[in-house]
Amino acid sequence: MANVIITGASRGIGLAIAQALVRDDYTVIAIARQETEELAAARQQAPESIYFAPFDLSEIDKLHELARELRARFGPIYGLINNAGIGTEGILATMPESNIEKLIRLNMLSPIMLTKYVVRSMMNEGAGRIVNISSIIASTGYQGLSVYAATKASMIGFTKSLAREVGRLGINVNAVAPGFLETELTGSMNDAQRQRIAGRSALQRLANVEDVAEAVTFLLSDKARNITGTVLTVDAGSTA
Amino acid sequence: MSTRSKIIQAIEEIAAAQKKTLAPLTDDLALTNSGLDSLCFALLVARLEDETGRDPFSESDEVSFPVTLGELIALYEHEHA
Ligand SMILES: NC(=O)c1ccc[n+]([C@@H]2O[C@H](COP(=O)([O-])OP(=O)(O)OC[C@H]3O[C@@H](n4cnc5c(N)ncnc54)[C@H](OP(=O)(O)O)[C@@H]3O)[C@@H](O)[C@H]2O)c1
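So, here's what we can say about the structure. Everything quoted here is computed from the prediction, not taken from an experiment.

## With respect to the layout of surface pockets
Point 1. In this structure, the second largest pocket occupies an estimated 460 Å³ of space.
Point 2. Every residue lining the second largest pocket is counted, 20 residues in all, and those nearest its centre are A:Lys116, A:Val119, A:Arg120, A:Glu165 and B:Ala42.
Point 3. Going through the elements one at a time, helix 4 (97-125) and helix 5 (146-166) of chain A together with helix 2 (38-52) and helix 3 (56-59) of chain B are the ones with two or more residues in the lining of the second largest pocket.
Point 4. Sorting elements by how many residues they give to the lining of the second largest pocket places helix 4 of chain A first, with seven residues.
Point 5. Tallied by class, the residues present in the lining of the second largest pocket amount to 13 nonpolar, three polar and four charged.

## As for the packing of helix 1 (residues 12-23) of chain A against helix 8 (residues 209-220) of chain A
Residue and element names in this part refer to chain A.
Point 1. In the contact formed by helix 1 and helix 8, the axes pass within 8 Å of each other and the chain directions differ by 50°. Relative to helix 8, the element helix 1 is oriented oblique. The handedness of the crossing between helix 1 and helix 8 is right-handed. Residue-level inspection shows Gly 12, Ile 13, Ala 16, Ile 17, Ala 20, Leu 21 and Arg 23 of helix 1 in contact with helix 8, the latter providing Val 209, Glu 210, Val 212, Ala 213, Glu 214, Val 216, Thr 217 and Leu 220.
Point 2. By residue class, the composition of the contact of helix 1 with helix 8 is ten nonpolar, two polar and three charged.

## Digging into the packing of aromatic side chains
Point 1. Enumeration over the complete set of coordinates arrives at five aromatic pairs over all chains.
Point 2. For the ring pair A:Tyr26 and A:Tyr78, a centre distance of 6.5 Å and an interplane angle of 15° mean the geometry is stacked. Within this pair, whereas A:Tyr26 is found in the loop between helix 1 and strand 2 (27-32), its partner A:Tyr78 is found in strand 4 (residues 77-82), the two being separated by 52 residues in sequence.
Point 3. Residues B:Phe41 and B:Phe65 carry aromatic rings whose centres are separated by 5.6 Å and whose planes lie at 65° to one another, so their mutual orientation is edge-to-face. With a gap of 24 residues between them, B:Phe41 in helix 2 and B:Phe65 in the loop between helix 3 and helix 4 (69-77) connect regions that are remote in the sequence.
Point 4. Note on B:Phe41: relative accessible area 10%, which makes it buried.
Point 5. Residue B:Phe65 is classed as partly exposed on the basis of its relative accessible area of 38%.
Point 6. Aromatic rings pair up to connect B:Phe41, B:Phe57, B:Phe65 and B:Tyr76 into one cluster.

## Focus on the interface of chain B and chain A
Point 1. Tallying the contact residues gives 16 residues for chain B and ten residues for chain A.
Point 2. Summed over both sides, the interface of chain B with chain A buries roughly 1,100 Å², with 45% coming from carbon and sulfur.
Point 3. At the junction of chain B and chain A, the tally comes to five salt bridges.

## Details of the nonpolar core
All names here are of chain A.
Point 1. With 51 residues, the main nonpolar core has Leu 57 and Ile 171 as its most contacted residues.
Point 2. Contacts of Ile 171, omitting those with residues within four sequence positions, involve Val 119, Met 122, Met 123, Ala 127, Gly 128, Arg 129, Ile 130, Val 166 and Thr 228.
Point 3. Membership of the second largest hydrophobic core comes to 35 residues, among which are Ala 32, Ile 81, Leu 219 and Ala 224.

## What about the side chain of A:Ser110?
Point 1. Take A:Ser110: it is sitting in helix 4.
Point 2. When neighbours within four sequence positions are excluded, A:Ser110 is seen to be in contact with A:Leu57, A:Ile60, A:Leu63 and A:Arg105.

## Some words on the sheet that holds strand 5 (residues 128-133) of chain A
All names here are of chain A.
Point 1. Spatial strand order, 3-2-1-4-5-6-9: seven strands in an open sheet with parallel pairing. For this open sheet the edge positions go to strand 3 (50-54) and strand 9 (231-234), each flanked by a neighbour on one side alone. Neighbouring strand axes in the sheet, compared pairwise and without regard to direction, differ in orientation by 20° on average.
Point 2. The sheet contact formed by strand 1 (residues 3-7) and strand 2 spans five bridges and is parallel. Paired with Asn 3 across the two strands is Thr 27, which belongs to strand 2.

Quick notes on the rules
Residues numbered from 1 in each chain as written. Chains lettered and ligands numbered in written order. Predicted model: local features only at pLDDT ≥ 70, side-chain atom pairs only at ≥ 80, totals over all residues. Heavy atoms only, no water. 1 Å grid on protein atoms, 1.4 Å probe; cavity = no way out; pocket = protein on both sides within 12 Å on 5 of 7 lines; lining within 4 Å. Points joined across faces, edges and corners; volume = space filled by probe spheres on them. Helix = DSSP H or I, 4+ residues; strand = E, 2+ residues; numbered from the N terminus. Nonpolar A, V, L, I, M, F, W, Y, C, P; charged D, E, K, R; others polar. Axes fitted to C-alpha atoms, helices over the stretch in contact; angles between N-to-C directions. Parallel < 35°, antiparallel > 145°, perpendicular 65-115°, else oblique. Left-handed = near helix turned anticlockwise from the far one by under 90°. Contact = heavy atoms within 4.5 Å. Phe/Tyr/Trp six-rings, centres within 6.5 Å; stacked < 30°, edge-to-face > 60°. Buried < 20%, exposed > 50% of the residue type's maximum accessible area, 1.4 Å probe, protein only. Buried area = accessible area lost by both parts, 1.4 Å probe. Salt bridge = Lys/Arg side-chain N within 4 Å of Asp/Glu carboxyl O. Core = buried A, V, L, I, M, F, W, Y, C linked by side-chain atoms within 4.5 Å. Pairing = 2+ DSSP bridges.

What follows is the structure, encoded as structure tokens:
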């Protein structure tokens with residue numbers, strides 16, 4: 001079945017996307033630096049449908065070779081989900097320069113460069129889907145996340161112009177903007193804390209990683225063939 | 001198939017697929033007058049990388065896009081140093 005590369009697929013949103021895509025009969029190529037127990041378990045359940053490719057995506061000058069290797073090993077790539085990212089916080093005025101650079105390298109430079117090389121396979125096939133994982137922080141302010149926000153907003157600009165560029169070749173490019181999600185992090189909060197966050201959303205709850213994964217599977221499916229250059233927000237209405 | 005014929009064939013197929021009218025493919029043809037646009041050239045680079053395993057434009061930062069068809073072919077014929 002169609003090959004989909006998911007970056008940062010070892011846990012969190014990326015793992016949920018991998019599981020949803022395997023269910024929908026895609027072949028998943030999961031990239032992360034280290035395999036987790038959860039990803040290993042998912043692979044054991046579906047050894048023919050999910051592969052792990054260990055790789056440090058901040059090594060920008062090796063991304064071309066990575067794209068070539070994956071193309072040679074798996075054949076044409078139908079989908080690319082740029083999901084890997086870090087969320088380093090910091091007040092800009094005191095944030096170490098190295099942290100700023102790391103954020104920009106992994107969240108912005110790396111997905112752009114990986115896309116540059118993976119999109120070639122899609123161009124050759126005349127078909128493909130790219131989904132960039134942004135964040136609601138790209139368009140709503142949040143103290144301590146200015147650099148992160150810049151990287152996530154960049155993914156939306158990238159999405160729209162690339163959609164224009166490759167649309168003629170049968171390639172759709174979209175972004176998904178998750179809100180604050182129900183994850184291990186929020187799971188460890190007490191009820192009052194979670195209530196307070198959930199209370200700010202229209203639906204009075206938090207979205208979860210599976211909701212984000214379903215948005216991605218939709219964008220990869222034939223049902224979304226006429227959707228490109230858009231941002232799909234999955235936040236239970238917290239920015240409504 | 002020689003590198004030259006691979007490139008010519010790829011150009012002809014891309015032009016047909018993208019509904020572009022090609023000028024006669026002589027070595028001194030300026031690529032800007034070939035009938036292909038920049039996206040077509042990107043397609044050509046992608047396709048030749050798939051077929052030849054080479055991408056002369058990423059092999060070095062110094063390579064600028066060739067002006068004529070002959071220069072383009074020479075770039076691919078030239079062995080990777
Ligand atoms: N969670 C949220 O509430 C939320 C909200 C909005 C947007 N997002 C966005 O959603 C995406 C995923 O977030 P998440 O919460 O699921 O993150 P996460 O749980 O921290 O997972 C991050 C994934 O990226 C991988 N990764 C990190 N650095 C890497 C590197 N240098 N090379 C290769 N892989 C690397 C990690 O694996 P290794 O560490 O093994 O490399 C892991 O698989 C991010 O882009 C984030 O900005 C998340």
